[in-house]
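These are the residues of each chain, in order.
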Amino acid sequence: MALAWRNLLKAFYLKTSLRSLQMCPSSSLGASWLSGSRLTLHTKPSMPSCDFSPEPYQSLPYSRAREIHKQHISPVETAYFQKPLMLHQGHMEWLFDSEGNRYLDFFSGIVTVSVGHCHPKVTAVAQKQMGRLWHTSSVFFHPPMHEYAEKLSALLPEPLKVIFLVNSGSEANDLAMVMARAHSNHTDIISFRGAYHGCSPYTLGLTNVGSYKVDFPSAMGCRSTMCPDVFRGPWGGSYCRDSPVQTVRKCSCSPGCCQANEQYIEQFKETLNTSVAKSIAGFFAEPIQGVNGFVQYPKEFLKEAFALVRERGGVCIADEVQTGFGRLGSHFWGFQSHDVLPDIVTMAKGIGNGFPMAAVVTTPEIAKSLTKCMHHFNTFGGNPLACAVGSAVLEVIKEENLQKNSQEVGTYMILKFAELREEFEIVGDVRGKGLMIGIEMVQDKMSRQPLPKTEVNQIHEDCKDMGLLVGRGGIFSQTFRIAPPMCITKQEVDFAFEVFRTALIQHMERRSK
């Protein structure tokens, strides 16, 4: 009892003392701030309780896993942290490592775990289907595929009713590219700079993040256009985004008029007039850019861009791999938040709560164009186990009101994290919608130059050491990506906020030295 009381007092002291600190810009850090903050720098915020106990870890020793990774796993550096985590078990919004440490997962396996790790209902459905039928290709009928297709199509507006089931987001976007070209009989496809649409040989042409570019020809006919980023781009104001939090850039726009949007549309027209053929195949857009750090566009941009693309004979593709399935809260699909209707929608990640499945949904007319062009087949598309899992995910989203939770908890979270922008000079932007939030780190707000990667790495490490896992993004890896499972609670948001704030305070002390 005494220990519990001391822990409660310690947590209360941390919370109140942190709240009392008023950060100055880095250029004016003084001894008074340092002496006031040093008392709490190394006190971890109190982690919310969890009624789940993981199984004892009884597998590979960590040292052996590192040896195997070095010898046999892809040499591309992808693992987070100086000492990568060895994850052992997951439960809803929680992850447990091989040493028994518990972490609050605020990245969902790269925006993939939608309803929670090992959700009991989804797990039970998967186990039942595994005992009945693991696999049969779509050359045979089987109920899970047809039941899932009916449920998914009911969530999409007319005429988006024809579904092609595949295995990953890259494969879905590959297929969408073929569809666009088959239907339009044209070649050129446009995507935003900063876009990520996959890492397959075909989609590499659509992906415009430098670290994914190669020195040899790939995906001919793909053209990039300026990303209408109202924080880092040349234009932006204080009313541009569909978000509870706007940029700090000033805006002199009149009601119903966005000058930044007008400028970015002019750039889009410039691309159409100079960089592609007179007729094009299509235009790919994520409703909110994922890998580039959850970048949002001006509210009317996609509506105007879609109209321009269709004037050139192209089709419009919404990449919902990260934004779909209720994550944005206000709508089930990200494209709905822009008040547009795409010709093709691609989806993956949250579709299966981590199970490898994906889909392309389009119109009967475009589907017919594809069948005239080629015989499309996928051995694992429509897999019985995948479809059973997909159906269970849709049911859980509805039964547990997870879209509504994304809206309520997400709005609470972004408003809370926006407080950090007012307090810390190195927090340049807080943006997003629902449970898809980006925190962009800068050297200072005036220049908006990215915070050096080494400094961002250390903040990332500090969050992990205090039990919070967040993602990274941006061209310079300068943006923290926050996208927890949709079952997250406000209490857990409060903990994440305290962790992140403590990590920033620790960083500012290091910087001052």
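In the annotation of an unreviewed UniProt entry, the entry for the protein reads Alanine--glyoxylate aminotransferase 2, mitochondrial, and the organism field reads Microtus ochrogaster. The heading Subunit (unreviewed entry) in the UniProt record of the protein holds the text "Homotetramer." The UniProt entry for the protein carries this comment under Subcellular location (unreviewed entry): "Mitochondrion".

A.B. asks: Lay out the overall build of the protein in plain terms, naming residues and giving numbers.
C.D. replies: In terms of helices and strands, the protein carries 14 helices and 15 strands. With respect to the three principal axes, the spread of C-alpha positions in the protein is 70 × 60 × 45 Å. Counting over 513 residues, the protein shows a buried share of 54%. Taking the contacts inside the protein whose residues are at least 6 apart along the sequence as the reference set, 74% of them involve residues at least 24 apart.

A.B. asks: Break down the pairing of strand 11 (residues 427-433) for me, citing the residues and quoting the values.
C.D. replies: Along a regular strand, successive side chains alternate from one face of the sheet to the other. Among the seven residues of strand 11, seven are classified as buried, and the element is accordingly described as predominantly covered. Pairing analysis gives six bridges linking strand 11 to strand 12 (residues 436-441), with the strands arranged antiparallel. Residue pairing for strand 12: Val430 is matched across the bridge by Ile439. Between strand 11 and the antiparallel strand that follows it, strand 12, lie two residues; Gly434 among them carries a positive phi value of about 60°.

A.B. asks: Explain the sheet that holds strand 7 (residues 282-285) to me, and be specific about the residues and the numbers.
C.D. replies: Pairing is mixed across the open sheet formed by seven strands, whose spatial order is 4-10-9-8-7-5-6. Taken across any chain shown, the strands that pair with only one partner, and hence form the sheet edges, are strand 4 (162-166) and strand 6 (222-225). Mean inter-strand twist for the sheet, computed between neighbouring axes without regard to direction, equals 20°. The strands touched by helix 8 (residues 259-274) are strand 5 (189-192), strand 6 and strand 7; relative to strand 6, the strand with the most contacts, the crossing angle is about 155°.

A.B. asks: Could you give an account of the packing of helix 8 against helix 9 (residues 301-311), with specific residues and numbers?
C.D. replies: Where helix 8 meets helix 9, the axes come as close as 10 Å, and the angle between the chain directions of the two elements is 25°. The pairing of helix 8 with helix 9 is recorded here as roughly parallel in orientation. In terms of crossing hand, the pair formed by helix 8 and helix 9 is right-handed. The residues of helix 9 that touch helix 8, namely those facing Asn261, Tyr264, Ile265, Phe268, Lys269 and Leu272, are Phe301, Glu304, Ala305, Leu308 and Val309. Taken together, the residues of the contact of helix 8 with helix 9 break down into eight nonpolar, one polar and two charged.

A.B. asks: Which residues make up the packing of aromatic side chains, and what are the values?
C.D. replies: Within this structure, the stated rule accounts for 17 aromatic pairs. Look at Phe192 and Phe301: their rings are 5.7 Å apart centre to centre, the planes differ by 50°, and that puts the pair in the tilted class. Taken together, the residues Phe192 in strand 5 and Phe301 in helix 9 connect sequence positions 109 residues apart. By relative accessible area, Phe301 is classed as buried at 0%. What links up through ring pairs into an aromatic cluster is the set Phe192, Phe268, Phe283, Tyr297, Phe301 and Phe306. Seen from the ring of Phe81, Lys464 lies directly overhead, with NZ or CZ sitting 5.3 Å from the centre. The ring of Tyr412 has Lys490 lying over it, and the distance from NZ or CZ to the ring centre is 5.3 Å.

A.B. asks: Would you mind going over unusual backbone geometry in detail, with residue names and values included?
C.D. replies: Glycine aside, negative phi is the norm for most residues, and most peptide bonds take the trans geometry. In this structure, the amide linkage connecting Glu158 to the following residue, Pro159, adopts the cis form with an omega of 0°. By the element assignment, Pro159 lies in the loop between helix 6 (143-153) and strand 4. The backbone of Asn401 sits at a positive phi, close to 50°, despite the residue not being glycine. Examined against the element boundaries, Asn401 turns out to sit in the loop between helix 11 (384-399) and helix 12 (402-423).

A.B. asks: So what's going on with the pattern of salt bridges? Residues and values would help.
C.D. replies: Within this structure, the stated rule accounts for 24 salt bridges. We note a salt bridge from Lys433 to Asp242, for which the minimum N-O separation is 2.5 Å. With Lys433 in strand 11 and Asp242 in the loop between strand 6 and helix 8, the pair connects residues that are 191 residues apart, well separated along the chain. Relative accessible area serves as the criterion here: at 9%, Lys433 is assigned to the buried category. We note a salt bridge from Arg431 to Glu440, for which the minimum N-O separation is 2.9 Å. Accessibility expressed as a relative area gives 1% for Arg431, which makes it buried. Under the relative-accessibility criterion, Glu440 is labelled buried at 2%. Each of the salt bridges in this network shares a partner with another, and the network as a whole consists of Arg232, Arg241, Arg421, Glu422, Asp429, Arg431 and Glu440.

A.B. asks: Explain the sheet that holds strand 11 residue by residue, including any values.
C.D. replies: Taking strand neighbours across the sheet as the criterion, the four strands line up as 11-12-15-14 in an open arrangement whose pairing is antiparallel. The outermost strands of the open sheet, each flanked by one partner alone, are strand 11 and strand 14 (471-473). Neighbouring strand axes in the sheet, compared pairwise and without regard to direction, differ in orientation by 25° on average. Examined bridge by bridge, strand 14 and strand 15 (residues 479-482) share three bridges and lie antiparallel to one another. Residue pairing for strand 15: Gly473 is matched across the bridge by Thr479.

A.B. asks: Any details on the pairing of strand 9 (residues 344-347)? Residues and values, ideally.
C.D. replies: The two faces of strand 9 match: Ile344 and Thr346 on one face and Val345 and Met347 on the other face are all buried. Taken together, the three bridges between strand 8 (residues 315-319) and strand 9 define a ladder with parallel strand orientation. Bridging across to strand 9, Ala318 finds its partner in Val345. In terms of strand pairing, strand 9 meets strand 10 (residues 358-362) through four bridges, oriented antiparallel. Pairing of Thr346 across the sheet is with Val360, part of strand 10.

Thresholds applied
Residues take numbers from 1 onward in each chain, read along the sequence in its written order. The predicted origin of the model limits local features to residues at a pLDDT of at least 70 and limits the giving and counting of side-chain atom pairs to 80 or more, whereas totals for whole chains, interfaces and linings rest on all residues. Excluded from the side-chain calculations are hydrogens and water; all other atoms, namely the structure's heavy atoms, are used. UniProt positions are given in the numbering used here, feature names are shortened, and annotations may be inferred rather than shown by experiment. Put simply, DSSP H or I for four residues or longer makes a helix, DSSP E for two residues or longer makes a strand, and each gets a number counted from the N terminus. For each residue, the accessible area found with a 1.4 Å probe, counting protein chains only, is set against the maximum for its type, and the residue is called buried under 20%, exposed over 50%, and partly exposed in between. Two residues qualify as a contact provided that any one of their heavy atoms is within 4.5 Å of a heavy atom in the partner residue. Note: two strands are recorded as paired if DSSP finds a minimum of 2 bridges between them. Under this scheme, a helix contributes an axis fitted over its contacting stretch, all axes are lines through C-alpha atoms, and angles between N-to-C directions fall in the 0 to 180 degree range. Comment on the angle field: the value is read as roughly parallel under 35 degrees, roughly antiparallel over 145, roughly perpendicular from 65 to 115, and oblique elsewhere. With the far helix as reference, a near helix turned anticlockwise by less than a right angle produces a left-handed crossing, and one turned clockwise produces a right-handed crossing. Gly falls in the polar group here, along with every residue not listed as nonpolar (Ala, Val, Leu, Ile, Met, Phe, Trp, Tyr, Cys, Pro) or charged (Asp, Glu, Lys, Arg). A pair of Phe, Tyr and Trp rings is counted when the ring centres sit within 6.5 Å of each other, with Trp represented by its six-membered ring. The angle between the planes then sorts it: under 30 degrees is stacked, over 60 is edge-to-face, the rest tilted. Cation placement over rings: the criterion is NZ of Lys or CZ of Arg within 6 Å of the ring centroid and within 35° of the ring normal. Any carboxyl oxygen of Asp or Glu that lies within 4 Å of a side-chain nitrogen of Lys or Arg is treated as forming a salt bridge with it.

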